[in-house]
Amino acid sequence: KAGVTQTPRYLIKTRGQQVTLSCSPISGHRSVSWYQQTPGQGLQFLFEYFSETQRNKGNFPGRFSGRQFSNSRSEMNVSTLELGDSALYLCASSLGDGPATDTQYFGPGTRLTVL
Amino acid sequence: AQSVTQLGSHVSVSEGALVLLRCNYSSSVPPYLFWYVQYPNQGLQLLLKYTSAATLVKGINGFEAEFKKSETSFHLTKPSAHMSDAAEYFCAVTISGTYKYIFGTGTRLKVLA
C-alpha cells in the first residue's frame, strides 16, 4: 500500500507570495492533518480534515488555510508569506476513527523556504 | 487544554546503554499518548501508543513506555541503545473527540560508539 505523499518536496518563495502544498493520503484514509515543524518548536498543529470538513484547527493566523477534496486529497495554502513561515510542513493521514483505534501516518513533508 | 513537555532537547548515550527519554503530559481528561521517531529528511513514524488498555506499552525496535498517572509521565525507554536509534523523538498527546494532536518539542538522541 502506498504511503502518504506530499508535493512538492522542496519549495522556495519570496515574502508576500502565496504557496499551495498538496497531500495525498493512504488509500482508504479519510482524515488528513497538517503540521508545521520548526527547530525548537516541534510540530504545531494547523488543522484536520475529515470527509471534506474541518474538524479542528490550531492557533495560526488566517493566512493559513486548507481544504480537502472528495477523494480525501488535501491542500494547504499560505498567503502573504513571511520569513517566519519557513518550515517543514507535514501531513498525516488516518482512518479518522479516533485515537483509541486509529494511527496517524506521516508523509515526508514539504520544506518551504521563504526569502 | 492538553500539553506535553519533553525534558532534554539533546540526549547522548553510549551504544549498549539504557535509553531514557522523558515526557510529561497535562490533561484534564484521560489522554492518549504517543511516541514518534523522525529520521533525517523523513516524516514521523509511530513507535508506540497508550490507549488505557495497559500502562506498560511495548513498541517497535525494542522501545517501551510506561504510563504513570500519579507522575503525569510517559517516559520512553530501551534497554540497550543501537547506533540506528540515533534520531529525533517526539511525545504527543490527544483526547477523544478533538482530532488534534499536541506534540512536544522533541529530543534528539545521539548514540556514541
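Every value quoted in this text rests on a predicted model; they were computed, and no experiment measured them.

S.K.: What am I meant to see in the overall build of chain B here?
M.R.: When helices and strands are counted, chain B shows zero helices and eleven strands. Scanning chain B from its N terminus toward the C terminus, one meets helices and strands in the order β-β-β-β-β-β-β-β-β-β-β. Whereas a compact globule of 113 residues would reach a radius of gyration of roughly 13 Å, chain B reaches 13 Å, a difference of no more than 12%. Taken along its principal axes, the extent of the C-alpha atoms in chain B is 45 × 30 × 20 Å. In chain B, which comprises 113 residues, the proportion classed as buried is 45%. Sequence separation of 24 or more characterises 56% of the internal contacts of chain B that already satisfy a separation of 6 or more. Counting only carbon and sulfur atoms, one obtains 52% of the accessible surface of chain B, whose full area is about 5,400 Å². Each charge class in chain B was averaged separately, 9 positive and 6 negative side chains, and the resulting centres sit 6 Å apart.

S.K.: Looking at this structure, I do not really get the sheet that holds strand S6 (residues 56-58) of chain B. What am I missing?
M.R.: Note on sheets: strands pair through backbone hydrogen bonds, and any given pair is parallel or antiparallel. All names here are of chain B. Pairing is antiparallel across the open sheet formed by five strands, whose spatial order is S1-S3-S8-S7-S6. This sheet does not close on itself; its edge strands, each paired only once, are strand S1 (3-7) and S6. Pairwise comparison of adjacent strand axes, ignoring direction, gives a mean angle of 20 degrees for this sheet. Alignment of S6 against strand S7 (residues 64-68), held across three bridges, turns out to be antiparallel. Bridging across to S7, Lys-58 finds its partner in Glu-64.

S.K.: Can you walk me through the sheet that holds strand S8 (residues 74-78) of chain A in this structure?
M.R.: All names here are of chain A. Across the sheet, which stays open at both edges, the four strands sit in the order S1-S3-S8-S7 with antiparallel pairing between neighbours. Of all the strands in the sheet, the pair left with one neighbour each is strand S1 (5-7) and strand S7 (64-68). Each strand axis lies, on average, 20 degrees off the axis of its neighbour in the sheet, ignoring direction.

S.K.: Is there a simple way to think about unusual backbone geometry in this case?
M.R.: Generally, phi is negative for residues other than glycine and the peptide bonds are trans, each holding for most cases. A cis geometry characterises the amide bond from A:Thr7 onward to A:Pro8, with omega recorded as -10 degrees. In the Ramachandran plot, B:Asn41 falls in the positive-phi region, its phi being about 60 degrees despite a non-glycine side chain. Residue placement: B:Asn41 occurs in the loop between strand S4 (32-38) and strand S5 (44-50). Owing to a relative accessible area of 62%, B:Asn41 belongs among the exposed residues under this scheme. Positive phi values are uncommon outside glycine, yet B:Asn61 reaches one of about 60 degrees. Turning to its location among the elements, B:Asn61 is positioned in the loop between S6 and S7.

Criteria and cut-off values
- Residues numbered from 1 in each chain as written.
- Chains lettered and ligands numbered in written order.
- Predicted model: local features only at pLDDT ≥ 70, side-chain atom pairs only at ≥ 80, totals over all residues.
- Heavy atoms only, no water.
- Helix = DSSP H or I, 4+ residues; strand = E, 2+ residues; numbered from the N terminus.
- Rg over C-alpha atoms; globule rule 2.2 N^0.38 Å.
- Buried < 20%, exposed > 50% of the residue type's maximum accessible area, 1.4 Å probe, protein only.
- Contact = heavy atoms within 4.5 Å.
- Areas by Shrake-Rupley, 256 points an atom, 1.4 Å probe, with all protein chains shown as cover.
- Lys, Arg positive; Asp, Glu negative; His and termini not counted.
- Charge placed at Lys NZ, Arg CZ, Asp CG, Glu CD.
- Pairing = 2+ DSSP bridges.
- Axes fitted to C-alpha atoms, helices over the stretch in contact; angles between N-to-C directions.

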